[in-house]
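Survey of secondary and tertiary structure
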Amino acid sequence: VDSKDNQRTDGPNEFIAKKLKELSDLHAAKLGQDDHWRVYSYRKAIPNIRRYPKRIKSYEEAMKITGVGEKTALKIMEIINTGDLRRIGYENTADLQIRQIFQGVYGVGQKTAYKWYAAGCRSLKDVKAGVGGVTLTPAQAIGIEFYDDINDRMPREEAQALFDIIKPIALEIDPKLEVHIMGSFRRGKKDCGDIDIMITRCPSDGRTHAGILHHLLKALHERKIITEDLALPEDPFDSEAIYRGLCHLPTPGSRRRRIDFLTIPWKSRGAALLYYTGDDIFNRAMRYKANHMGYSLNQKGLFAGVVRDPRNRMIKLNTGNIVASETEEEIFHLLGVPFQKPHERVR
Ligand code: DCP
Ligand code: MG
Ligand code: MN
């Protein structure tokens, strides 16, 4: 799989992919339980439709594409035959469009969007004005102020430039830190929704990275690289801490960009590399594989002997034993999955 193919937007079936994406986004904004599964299956099918090298001509041909089932194949034929999807018309109601706009605010999900709509808000201006008694958290207020910046993706080059500023600042604090850029950047994407930076440190000299976020965030605020905080770590001195915020290049007119810092214990660096590289659908497939082999996989490691509550598989009755966590390769190996390079990890 070539990384360029994953993001090509000029293929012969691009118009089909675009229509399906439009429908998928409408389902994503709804509250129904079925909608999550629809979104998930469209997200698996759309990249394969984009990559498919020939113009799709028949139902049978569509069905052969990975991730395309009967229902999607029928939709593909409708797009081919009519140039459109009637379903988009039914789903695209005015209230849904407004709730989609609300869900573009950082930290706002379906529930809050629905609450704002039910309170009588019909625009972001209404929300800001507190129509219907709506109040905003500090992060939501920032989310509205920088709505366009936060919802746009940055060119890969800009993520690189920001990382090239931030990494040396981290290394000034402790030259033994390991600082990695993760997420869509590590997968080689041409554009990134945010910058994901993972930090860890080998503790062989008796020191760890615990506390780095406290010092790093201070330095980045002082140098005006980080501009707003969205979510501060519960404990910035913990070896496992997460920060979410906004940053920008120190050049006039530069836009705000989303940034995440993830610090992780040295022992779980392989599992964390795997998790934070994604993409999220690839991760889901790996977790599914792990669960079927009696393992449990998360950002800390691959665990064996986890006992789950049969009434609720989400509840672990014990945490099991860690069997791999230090390298990505070990985890792939134990799951019987051939190693995939980051840019191949798209499902
Ligand atoms: N992740 C996940 N499940 C989630 C959220 C995140 O598995 N619900 C993992 C996989 C992601 C990685 O964390 O690739 C980083 O999360 P991002 O939300 O930053 O997603 P990406 O970096 O992949 O894409 P984007 O360019 O939109 O930031
Ligand atoms: Mg990201
Ligand atoms: Mn992120």
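Residues numbered from 1 in each chain as written. Chains lettered and ligands numbered in written order. Predicted model: local features only at pLDDT ≥ 70, side-chain atom pairs only at ≥ 80, totals over all residues.

Taking an unreviewed UniProt entry as the reference, the protein chain is identified by name as DNA polymerase lambda belonging to Favolaschia claudopus.

Once that is clear, we can look at the overall build of the protein chain. Of the regular secondary structure elements, the protein chain holds 17 helices and 12 strands. For the protein chain, the C-alpha radius of gyration of 22 Å lies close to 20 Å, the compact-globule estimate for 347 residues. Principal-axis analysis of the C-alpha atoms places the extent of the protein chain at approximately 65 × 55 × 45 Å. For the protein chain, contacts bridging at least 24 residues in sequence account for 57% of all contacts bridging at least 6. (Helix = DSSP H or I, 4+ residues; strand = E, 2+ residues; numbered from the N terminus. Rg over C-alpha atoms; globule rule 2.2 N^0.38 Å. Contact = placed C-beta atoms within 7 Å.)

Another point: the sheet that holds strand β9 (residues 301-304). One open sheet holds the three strands; their spatial order is β8-β9-β12, and the pairing between them is antiparallel. One side of each edge strand has no neighbouring strand; the edge strands of this open sheet are β8 (295-298) and β12 (321-324). Neighbour-to-neighbour, the strand axes of the sheet open up by a mean angle of 35°, direction not taken into account. Packing of helix α16 (residues 280-292) onto the sheet brings it into contact with β8 and β9, and relative to β8 it is tilted by some 155°. (Pairing = 2+ DSSP bridges. Axes fitted to C-alpha atoms, helices over the stretch in contact; angles between N-to-C directions.)

UniProt marks Lys75 with the feature "active site" (unreviewed entry), using the numbering shown here. Note on placement: Lys75 falls in helix α5 (residues 70-82). Once residues lying within four places of it in the same chain are set aside, the contact partners of Lys75 are Leu20 and Leu85. (UniProt positions renumbered as here; feature names shortened; annotations may be inferred.)

Judged by pairing direction, the sheet is mixed, and its five strands sit side by side in the order β2-β4-β7-β6-β5 without closing on themselves. Only two strands of the sheet have a single neighbouring strand rather than two, namely β2 (177-181) and β5 (226-231). Ignoring strand direction, the axes of neighbouring strands in this sheet form an average angle of 25°. Where helix α12 (residues 156-173) meets the sheet, its contacts fall on β2, β4 (194-201), β6 (241-247) and β7 (257-263), and the angle it forms with β4 comes to roughly 25°.

With that out of the way, let us pick up the environment of Met293. Within the secondary structure, Met293 is located in the loop between α16 and β8. Each C-alpha atom of the pair Met293 and Lys341 lies 23 Å from the other, and the pair is 48 residues apart in sequence.

As a further point, take the pairing of β4. Across the eight residues of β4, eight count as buried, placing the element largely inside the fold. Taken together, the five bridges between β2 and β4 define a ladder with antiparallel strand orientation. Of the residues in β4, the one forming a bridge with Ile181 is Ile197. Relative to β7, β4 is paired through six bridges, and the arrangement is parallel. (Buried ≥ 20, exposed ≤ 12 C-beta atoms within 10 Å, placed from the backbone.)

Moving on, we get to the site of ligand 1. Contacts to ligand 1 come from Gly183, Ser184, Cys192, Gly193, Asp194, Asp196, Tyr275, Tyr276, Gly278, Asp279, Asp280 and Asn283. Contributions of two or more residues to the shell around ligand 1 are made by α13 (183-186), β4, α15 (269-277) and α16. Grouping the amino acids of the shell around ligand 1 by side-chain chemistry returns three nonpolar, five polar and four charged. (Near = placed C-beta within 6 Å. Nonpolar A, V, L, I, M, F, W, Y, C, P; charged D, E, K, R; others polar.)

All right, on to the environment of His180 then. With respect to the helices and strands, the residue His180 is situated in strand β2. Between the C-alpha atoms of His180 and Thr200, which are 20 residues apart in sequence, the distance is 8.8 Å.

Cis geometry is adopted by the peptide bond preceding Asp279, which originates at Gly278 and carries an omega value of 5°. By the secondary structure assignment, Asp279 is in the loop between α15 and α16. Phi at Lys224 is positive, roughly 55°, even though this residue is not glycine. Turning to its location among the elements, Lys224 is positioned in the loop between α14 (212-222) and β5.

It is worth spelling out the nonpolar core at this point. Within the largest apolar cluster, 54 residues are counted, with the highest numbers of intra-cluster contacts made by Ile195, Ile197, Met198, Ile199, Ala272, Tyr276 and Leu302. The element contributing the most residues to this core is α15, with six residues. Excluding its chain neighbours within four sequence positions, the residues that come into contact with Leu302 are Ala271, Ala290, Tyr295, Leu297, Val323, Ala324, Ser325, Ile331 and Leu334. Formed by 17 residues, the second largest nonpolar core is a distinct cluster that contains Leu20, Ala29, Ile76 and Ile79. (Core = buried A, V, L, I, M, F, W, Y, C linked by C-beta atoms within 7 Å.)

A separate point is helix α10 (residues 138-145). When we look at burial in α10, the residues that qualify are Gln140, Ile142 and Gly143. In an axial view of α10, the angular spread of the buried residues amounts to 160°, which keeps them on one side of the axis. Buried residues along α10 sit in contact with α11 (147-151), β5 and β6. (Arc of directions from axis to C-beta.)

Between its terminal C-alpha atoms helix α2 (residues 14-28) stretches 20 Å, which fits the 21 Å expected from 15 residues at 1.5 Å a residue. Listed in full, the buried residues belonging to α2 are Ile16, Ala17, Leu20, Leu23, Leu26 and His27. In the core, the buried residues of α2 are packed alongside α3 (33-51), α5, α6 (86-91) and α7 (94-103). (Expected span 1.5 Å × (residues − 1).)

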